[in-house]
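One-letter residues, chain by chain:
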There are 2 protein chains.
Amino acid sequence: MITTEEIRAALRKVMDPELGKSIIDLGMVRDIDVAGEGVGLTLALTTMACPLKNRMIDDIKSAIRGLDGTLTVNVKLAEMSPEDRARITAPPQPQPGLAQEFNEIKHVIAVMSGKGGVGKSSIASLLAVALRKRGERVGLLDADITGPSIPKMFGLQHAKGMSPMGLLPAVSSTGIKIMSINLLLQREDEPIIWRGPFISGAIRQFWADVLWDKLDTLIVDLPPGTSDATLTAMQVLPLSGVLLVTSPQDLAGMVVRKAASMAVQLNIPIIGLIENMAYLQCPDCSRRIDVFGPSHSEETARALGVPMLGCIPLDPELARRADTGQIEVYDLDGFTAIADQVSKRIPDVKREPMA
Amino acid sequence: MITTEEIRAALRKVMDPELGKSIIDLGMVRDIDVAGEGVGLTLALTTMACPLKNRMIDDIKSAIRGLDGTLTVNVKLAEMSPEDRARITAPPQPQPGLAQEFNEIKHVIAVMSGKGGVGKSSIASLLAVALRKRGERVGLLDADITGPSIPKMFGLQHAKGMSPMGLLPAVSSTGIKIMSINLLLQREDEPIIWRGPFISGAIRQFWADVLWDKLDTLIVDLPPGTSDATLTAMQVLPLSGVLLVTSPQDLAGMVVRKAASMAVQLNIPIIGLIENMAYLQCPDCSRRIDVFGPSHSEETARALGVPMLGCIPLDPELARRADTGQIEVYDLDGFTAIADQVSKRIPDVKREPMA
C-alpha cells in the first residue's frame, strides 16, 4: 500500500507552470487520502480561474500513476486564502543584495528602442564587444525577460551557478560577463509567462544579486515597450544614460520617440541615436537597397535634440554570426567609431537610482 | 487676494503624468493655504519614490504663478495612505460591458511572434485587408499598448469617440474597424508608461467596451513578449486560434517557440506559421539575398507540429506603404493565398474565455 509521503515525494516534481515551483513547495497539495486503490487530494489554486489547472491535474495524475499504474486518482479543486496566495505569488525575494554591496561598476548604460526587432540586442552586443576589445571590463545585462537573445548571440547556455556572494554571470570567450534569464532556464525555448511584478523582480535580482565584480561599463539590453521591465530598469538601475536605436522606418521612429520621452520624463540623459538596418548592399551588383524605406533618423535625432551617432547597414553576415553564437568574431569595422562616440559621451555623473 | 477655489481650478490642469489624470481629481492636493503673497499646499504622492514628482511640483508652481506672478509657492510632499493609493491606481473601470453584450463576433484570432520586429503588425494588417477584400466584416484590435503601429499603417489618427453603447472604433478606407491606444492619444509619440494592470485593463476595454458590432473576424495584433498584455489577451478574449509569425533568424525561431509553448499551455489552437522577411530580391540584378540568414521556419513548423502557411519576402514597398498609411493599397499578390489558408484553418469551435 502506497503512503502519503510517497505521494508527496512524487508530486514534488509537479510544477505550477506560472510560478515555476513545485506544487508541494507552494503548499498547494492538501488532504492527501489513500484508500485501497484510490488516492484523493485537494489542489488549492491561486485562483479558480487559473488557466493552467487542467495541465496541473494531468501532471498530478501521471505522477501518482507513475508510482502504481492501477491507482485511481481524484483531484478536488479549492481556492487559496488571500493570505496564502499573497505569500506564494510575491515577487522572488532578492538575496540581501550582498553582491550589490561588493560590485564596483563605473557606468551603467541602457540600450533602448521602444520597438522590437530594430536590433537593440545586436547593438548592445556589438558595443560590449567593441569596449571589451579596448580592454574595458564589460558586463551585459539582458533585461528582456520574455524574449532574451543575448546568450544565443554569444553561444552561451548556462550561468555559472551561485556563490556565497551571489549569482555568477556567464563569461563569453572574450571575457564579457553576461546575465540573462535564458542562462537560468533548462531549455532556451521555455516561455516566461510572468506578469509585471515577477519581471521587475528578475531585473532587480540581475542588478542586486549578480556578482558582477569590478566593471568599467555595464550595458543593459532593454526589452521593447515602456511597461514594467523598462520602467523598473530605469528606476532601479543607476543609469548614466540611454542609447536609442531606431530603424529607417517612420513607424520605428514614432516608437523610438515614445522611448525618448520616457527617458526624459524619468530624467535619464540620452547619449545618442543609432540607426540600424539602414540599408543593404547587394552582394552581386553593389546596388544600395533601402529595405525599410528612406532614412528618417536625422529628423528623429534633430526632433529629440540628441546626437546621431551612426548608421549601421543590414548585413546577412551579422545575422549568421548572431545565430551561431559568434557575434564576438563579427568584423566590427564601422562600429568601432560608433563605440568610441558612445564611450566619449557617457555622462560622468552617476545617477542615483530612484527606488 | 487669491482664493483656495481659484487655486484648485488652476491646478485642475496639472496632470499626474503616470496616471494621466488631474492631480485635483486624484485627490492629491491637500491643505491649500493662502497667506499674503505665499501659497502653501501639500502634494500627496502615490509613493515618495515617484520619479515624476519634480515635474509635478514644477507644473503646480507654474499653474499658480499663472494666476499671479508675484506669489511664492511652497509645496510640501506627503505619501498617500495605502487605501487612497489603491483607489486611484486601480485599473480603469470598464463600462458595464454593454458593447460586449451587443457585439456579434464570429471568430477572434491573434497574431503572435514573441519577438518584436518580425512583422506581426504588417501580417495582421495584410490579413485584415485580404479578408476585407473578400467581403468579410473585419476588425483589428491593436493589443500592443506600448508600441502600437496599426493606426499609422492605415493612416488613421483618432477613434470616433463614445456612443451610449461604447467606444467607437476608427474605420479604415476599405471599411476595417480598428481600435488602438494610439487612436486615443493626443500625440502619436506620447509614451504609455504603465505597469501591467493598466495594460491589461486597456486590452479588456478594447474587447468589452468597443462597439465592434457584427464582425466575421476580429484580428488581434499581440505585442512582443509573453507577459501581461499577451497573457491577458489569451485569457480574456475568446480566441479561436493563434497565427505565429517568425523570421528566418534562428533567434526569432527560438522566441516564436516560446510563444507557441505559451499558446499550448493556455490551450489555444495554433492555426499555423508564417515566415516574414524571408529574403529580398535585388531590384537591379534580381539576386535573392537572405538578409536574415537561411530559413529555419520549416524546421520550426515541424518541431511545433503546425502547418507552414507561407513565406513573405522583404519588400521595401511594404515599408513605404506602411509608413505612409497606405497598407490597403499594397499589392497583396502572394498574400491572398496565405489569407485563404488562414481562413480555412480557423477552428470552428469558439473557445470560452477563461477569465
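Sequence order as written defines the numbering, with residues in each chain counted from 1. Written order determines the labels here, with chains lettered from A and ligands numbered from 1. Note on the predicted model: pLDDT of at least 70 is required for a residue's local features to be given, and 80 or more for side-chain atom pairs to be given and counted; whole-chain, interface and lining totals, by contrast, use all residues.

(A) Representation of the overall build of chain A in the model. A tally of helices and strands in chain A yields 12 helices and 17 strands. Seen through its principal axes, chain A has C-alpha atoms that stretch 75 × 50 × 35 Å. Helical segments are the DSSP runs of H or I of at least four residues, strand segments are the runs of E of at least two, and each set is numbered from the N terminus.

(B) Geometry of the relation of the copies chain A and chain B. Superposing chain A onto chain B takes a rotation of 180 degrees combined with a translation of 0.1 Å along the rotation axis, leaving an RMSD of 0.3 Å. Overall, the copies show the geometry of a two-fold rotation axis. Our superposition of the copies is a least-squares fit, built on the C-alpha atoms of residues whose pLDDT is at least 70 in both.

(C) Region of interest: helix H11 (residues 316–323) of chain B. Here a residue counts as buried when 20 or more other C-beta atoms sit within 10 Å of its C-beta, as exposed when there are 12 or fewer, and as partly exposed otherwise, the C-beta atoms being derived from the backbone. Of the positions making up H11 of chain B, those classed as buried are Leu318, Ala319, Arg321, Ala322 and Asp323 of chain B. Contact criterion: two residues are in contact if their C-beta atoms, reconstructed from the backbone, are within 7 Å. Close packing links the buried residues of H11 of chain B with helix H9 (250–265) of chain A together with helix H5 (120–133) and helix H6 (150–154) of chain B. In the segment just after H11 of chain B, glycine 325 of chain B is the residue with positive phi, at about 75 degrees.

(D) A look at the domain arrangement of chain A. When cut into domains, chain A gives domain 1 (4–89) and domain 2 (98–345). Once you take the C-alpha centre of each, domain 1 of chain A and domain 2 of chain A turn out to be 40 Å apart. Bear in mind that the domain bounds are from an automatic or database domain assignment.

(E) Structural context of the packing of helix H1 (residues 4–11) of chain B against helix H2 (residues 53–67) of chain B. Residues and elements named next belong to chain B. Contact pair H1 / H2: the axes reach a minimum separation of 9 Å and the direction vectors enclose 130 degrees. Looking at the two axes, H1 sits oblique to H2. You can see that H1 and H2 cross each other, and the crossing is right-handed. The residues of H2 that touch H1, namely those facing Glu6, Ile7, Ala10 and Leu11, are Ile60, Ala63, Ile64, Gly66 and Leu67. Put simply, Ala, Val, Leu, Ile, Met, Phe, Trp, Tyr, Cys and Pro go in the nonpolar bin, Asp, Glu, Lys and Arg in the charged bin, and everything else, Gly too, in the polar bin. Residue composition of the contact of H1 with H2, by class: 7 nonpolar, 1 polar and 1 charged. Note on definitions: angles span 0 to 180 degrees between N-to-C directions of axes, and those axes are lines fitted to C-alpha atoms, for helices only across the stretch in contact. By the definition adopted for this analysis, an angle is roughly parallel if under 35 degrees, roughly antiparallel if over 145, roughly perpendicular if from 65 to 115, and oblique otherwise. Handedness of a helix crossing follows the sense of rotation of the near helix relative to the far helix, less than a right angle counterclockwise being left-handed and clockwise being right-handed.

(F) Just the packing of helix H7 (residues 196–208) of chain B against helix H8 (residues 228–236) of chain B, in detail. Residue and element names in this part refer to chain B. For the pair H7 and H8, the least separation of the axes is 9 Å and the interaxial angle reads 35 degrees. For the crossing formed where H7 meets H8, the hand is right-handed. Contacts from Gly196, Ile199, Ser200, Ile203, Arg204 and Trp207 in H7 reach Asp228, Ala229, Thr232, Ala233 and Val236 in H8. Residue composition of the contact of H7 with H8, by class: 6 nonpolar, 3 polar and 2 charged.

(G) Focus on the pairing of strand E3 (residues 29–35) of chain B. A pair of strands is treated as paired once DSSP finds two or more bridges between them. In this sheet, strand E4 (residues 38–45) of chain B lies alongside E3 of chain B in antiparallel orientation, the contact comprising 5 bridges. Counterpart to aspartate 33 of chain B in the pairing with E4 of chain B is glycine 40 of chain B.

(H) Examining the sheet that holds E4 of chain B more closely. All names here are of chain B. Taking strand neighbours across the sheet as the criterion, the 3 strands line up as E3-E4-E5 in an open arrangement whose pairing is mixed. Because the sheet does not close on itself, it has two edges, and the strands there are E3 and strand E5 (72–79). Taken pair by pair, the neighbouring strands of this sheet meet at an average axis angle of 15 degrees, ignoring direction. Sheet strands in contact with H1 are E3 and E4, and its direction is about 130 degrees off that of E3. The strands that H2 touches are E4 and E5; relative to E5, the one it contacts most, it runs at about 145 degrees.

(I) Region of interest: the nonpolar core. Buried Ala, Val, Leu, Ile, Met, Phe, Trp, Tyr and Cys residues form a nonpolar core when they are connected through C-beta atoms within 7 Å. By size, the foremost hydrophobic cluster in this structure holds 191 residues, and its most contacted members are Val220 of chain A together with Val220 of chain B. Beyond its immediate chain neighbours, meaning those up to four positions away, valine 220 of chain B contacts Val108, Ala110, Val111, Leu141, Ala143, Ala233 and Leu237 of chain B.

(J) Inspection of unusual backbone geometry at higher detail. Within the chain, aspartate 333 of chain A stands out as a residue other than glycine whose phi angle is a positive 45 degrees. Among the residues examined, aspartate 333 of chain A registers 9 C-beta atoms within 10 Å and is labelled exposed. With a phi angle near 65 degrees, serine 286 of chain B is a residue other than glycine that sits in the positive phi range. The residue serine 286 of chain B is located in the loop between strand E15 (280–281) and strand E16 (288–289) in this model. Its 10 C-beta neighbours within 10 Å are what place serine 286 of chain B among the exposed residues.

(K) Region of interest: the environment of arginine 8 of chain B. Residue and element names in this part refer to chain B. Mapped onto the elements of the fold, arginine 8 is located in helix H1. Measuring from C-alpha to C-alpha, the distance between arginine 8 and leucine 266 comes to 49 Å, with 258 residues separating the pair along the chain. With residues near it in sequence (within four places) discarded, arginine 8 still touches Ile24 and Ile32.

(L) Inspection of the interface of chain A and chain B at higher detail. Of the residues lining the interface, 63 residues belong to chain A; the matching set on chain B comes to 63 residues. Looking at the side of chain A that touches chain B, the elements that each hand over two or more residues are helix H7 (196–208), helix H8 (228–236), H9 and helix H11 (316–323) of chain A. Looking at the side of chain A that touches chain B element by element, the count peaks at 10 residues for H9 of chain A. Its residues assigned to classes, the side of chain A that touches chain B shows 32 nonpolar, 15 polar and 16 charged.

(M) The confidence of the model for chain A, seen in detail. Per-residue confidence from the predictor is given as pLDDT, running between 0 and 100. Taken residue by residue, chain A gives an average pLDDT of 91. The fraction at 70 or more is 96%. Both scores are given for the predicted complex: the pTM is 0.74, the ipTM 0.73.

(N) Representation of the environment of valine 256 of chain B. Residues and elements named next belong to chain B. Residue placement: valine 256 occurs in helix H9 (residues 250–265). Spatially, the C-alpha atoms of valine 256 and glycine 114 are 5.3 Å apart, while their sequence positions differ by 142 residues. Excluding anything up to four places from it in sequence, valine 256 contacts Ser113, Gly114, Lys115, Leu244, Thr246 and Thr300.

(O) Up close: the pairing of strand E14 (residues 270–275) of chain A. Across the 6 residues of E14 of chain A, 5 count as buried, placing the element largely inside the fold. Running through H9 of chain A, the crossover from strand E13 (residues 241–246) of chain A to the neighbouring parallel element E14 of chain A is right-handed. Convention used here: a crossover is right-handed provided that the path from the first strand, over the helix, to the second strand proceeds clockwise when the strands point away from the viewer.

(P) Region of the structure containing the sheet that holds strand E17 (residues 308–311) of chain B. All names here are of chain B. Read across the open sheet, the 8 strands follow the order E10-E11-E7-E12-E6-E13-E14-E17; overall the sheet is mixed. Looking at the sheet topology across the chains shown, the edges are occupied by strand E10 (170–171) and E17. Pairing geometry for strand E6 (residues 104–112) and strand E12 (residues 214–221), over 7 bridges, is parallel. Within E12, the residue paired with valine 111 across the bridge is aspartate 221. Against the sheet, H5 engages E6, strand E7 (138–142), E12, strand E13 (241–246) and strand E14 (270–275), with an angle of about 165 degrees to E12.

(Q) Structural context of the environment of arginine 65 of chain B. For arginine 65 of chain B, the location among the structural elements is in helix H2. The contacts of arginine 65 of chain B, once residues within four sequence positions are left out, are Leu71 and Val73 of chain B.

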